Amino acid sequence: MFEKRRPGAVLFDRDGTLIRDVPYNGNPDLVEPMPGAMEAVARLRRAEVPVAVVTNQSGVAKGLLSPDDMDQVNARVEELLGPFDAWAICVHDDADGCTCRKPAPGLVIRAAAVLDVSPRDCVVVGDIGRDMEAARAAGARGILVPTPQTRQEEILQAAEVADDLIDVVDLVLSDAEAPVPAISAPWARALGWSRW
Ligand SMILES: [Mg+2]
Ligand SMILES: [Zn+2]
């Protein structure tokens with residue numbers, strides 16, 4: 001019988017998922033958490049589920065914000081929501097043909113590798129079809145949290161849809177009510193923060 005387990009990690013899209021989407025934002029003062037983001041991330045940390053961010057930042061490739069601006073915005077995200085166990089960031093644009101820009105699976109694979117979990121044990125949470133395609137391509141579970149900007153066909157195509165981030169945590173932790181096994185592999189936990 002298939003045994004349900006807590007996820008190895010939950011990987012969040014940033015813009016429109018963890019924080020309000022301000023296109024190409026380089027201003028930390030404009031960072032505003034999405035409803036439920038603080039509670040959702042806190043509950044996952046309490047359940048000892050690693051949390052990470054997987055984000056496309058093509059504004060860097062386009063020259064609309066500097067890497068330093070982006071770092072400051074990300075630092076503000078952590079001030080408001082607490083530290084994430086990994087950040088996987090694509091700073092390329094479509095024309096660069098990289099393997100990390102969602103819908104490619106690179107960010108999901110990279111974050112999972114840093115956290116030392118299988119992408120198949122990861123949940124990817126995002127607000128658009130690109131996030132869900134990246135999840136599927138990496139073999140992860142994708143959960144879409146639509147905003148008014150999400151297109152109808154993206155909602156229809158999503159394997160799972162949640163109302164908000166609290167709903168997401170209810171979904172992923174309901175599979176893991178059982179206590180953590182006494183014997184857990186030492187490599188199953190990420191040590192400290194990972195950045196690259
Ligand atoms: Mg987004
Ligand atoms: Zn990339």
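It should be noted that the structure appears before, not after, this text.
Residues numbered from 1 in each chain as written. Chains lettered and ligands numbered in written order. Predicted model: local features only at pLDDT ≥ 70, side-chain atom pairs only at ≥ 80, totals over all residues. Heavy atoms only, no water.

Section: the overall build of the chain
The helix and strand tally for the chain stands at seven helices and five strands. When its helices and strands are written in sequence order, the chain yields β-α-β-α-α-β-α-β-α-β-α-α. Within the chain, buried positions represent 47% of all 196 residues. Sequence-distant contacts, at least 24 apart, represent 66% of the contacts inside the chain between residues at least 6 apart. In the form shown here, the chain has an accessible surface area of approximately 9,900 Å², with 54% of it arising from carbon and sulfur atoms. (Helix = DSSP H or I, 4+ residues; strand = E, 2+ residues; numbered from the N terminus. Buried < 20%, exposed > 50% of the residue type's maximum accessible area, 1.4 Å probe, protein only. Contact = heavy atoms within 4.5 Å. Areas by Shrake-Rupley, 256 points an atom, 1.4 Å probe, with all protein chains shown as cover.)

A closer look at the layout of surface pockets
Considered as a void within the structure, the second largest pocket measures approximately 760 Å³ in volume. As for the second largest pocket, its lining consists of 30 residues, of which Asp15, Gly16, Asp21, Asp127 and Ile128 are closest to the centre. Among the secondary structure elements, those contributing two or more residues to the lining of the second largest pocket are strand E2 (51–56), helix H2 (58–61) and helix H5 (129–138). Per-class residue counts for the lining of the second largest pocket are ten nonpolar, nine polar and eleven charged. (1 Å grid on protein atoms, 1.4 Å probe; cavity = no way out; pocket = protein on both sides within 12 Å on 5 of 7 lines; lining within 4 Å. Points joined across faces, edges and corners; volume = space filled by probe spheres on them. Nonpolar A, V, L, I, M, F, W, Y, C, P; charged D, E, K, R; others polar.)

Side note on helix H7 (residues 165–174)
Here H7 has its buried residues at Leu165, Ile166, Val168, Val169, Val172 and Leu173. Angular distribution of buried residues about the axis of H7 spans 155°; they occupy a single face of the element. For H7, the secondary structure elements touched by its buried residues are strand E1 (9–12), helix H1 (37–46), strand E4 (122–126) and strand E5 (141–144). (Arc of directions from axis to C-beta.)

Structural notes on the pattern of salt bridges
Evaluated as defined, the whole model comprises twelve salt bridges. Lys62 is the salt-bridge partner of Asp93, the closest N and O atoms lying 3.2 Å from each other. Here Asp93, found in the loop between strand E3 (86–90) and helix H4 (106–115), pairs with Lys62, found in the loop between H2 and helix H3 (67–81); they are 31 residues apart in sequence, far enough to count as distant. Residue classification places Asp93 among the buried positions, given a relative accessible area of 19%. Look at Lys62 and you get partly exposed, because its relative accessible area is 37%. In this structure, Glu160 and Arg141 form a salt bridge, with 2.7 Å as the shortest nitrogen-oxygen distance. Of this pair, Glu160 sits in the loop between helix H6 (152–157) and H7 while Arg141 is found in strand E5, placing the two residues 19 residues apart along the sequence. (Salt bridge = Lys/Arg side-chain N within 4 Å of Asp/Glu carboxyl O.)

Here we look at H5
Every buried residue of H5 is accounted for by Gly129, Asp131, Met132, Ala134, Ala135 and Ala138. On its buried face, H5 sits against H4, E4, E5 and H6. Following H5 by one or two positions, Gly139 has its phi on the positive side, about 85°.

Thoughts on the pairing of E2
In terms of residue burial, E2 counts as a mostly covered element, since six of its six residues are buried. A two-sided burial pattern is seen for E2, the buried positions comprising Val51, Val53 and Thr55 on one face and Ala52, Val54 and Asn56 on the other. As paired elements, E1 and E2 share three bridges and run parallel to each other. Residue pairing in the sheet places Leu11 in a bridge with Ala52 of E2. (Pairing = 2+ DSSP bridges.)

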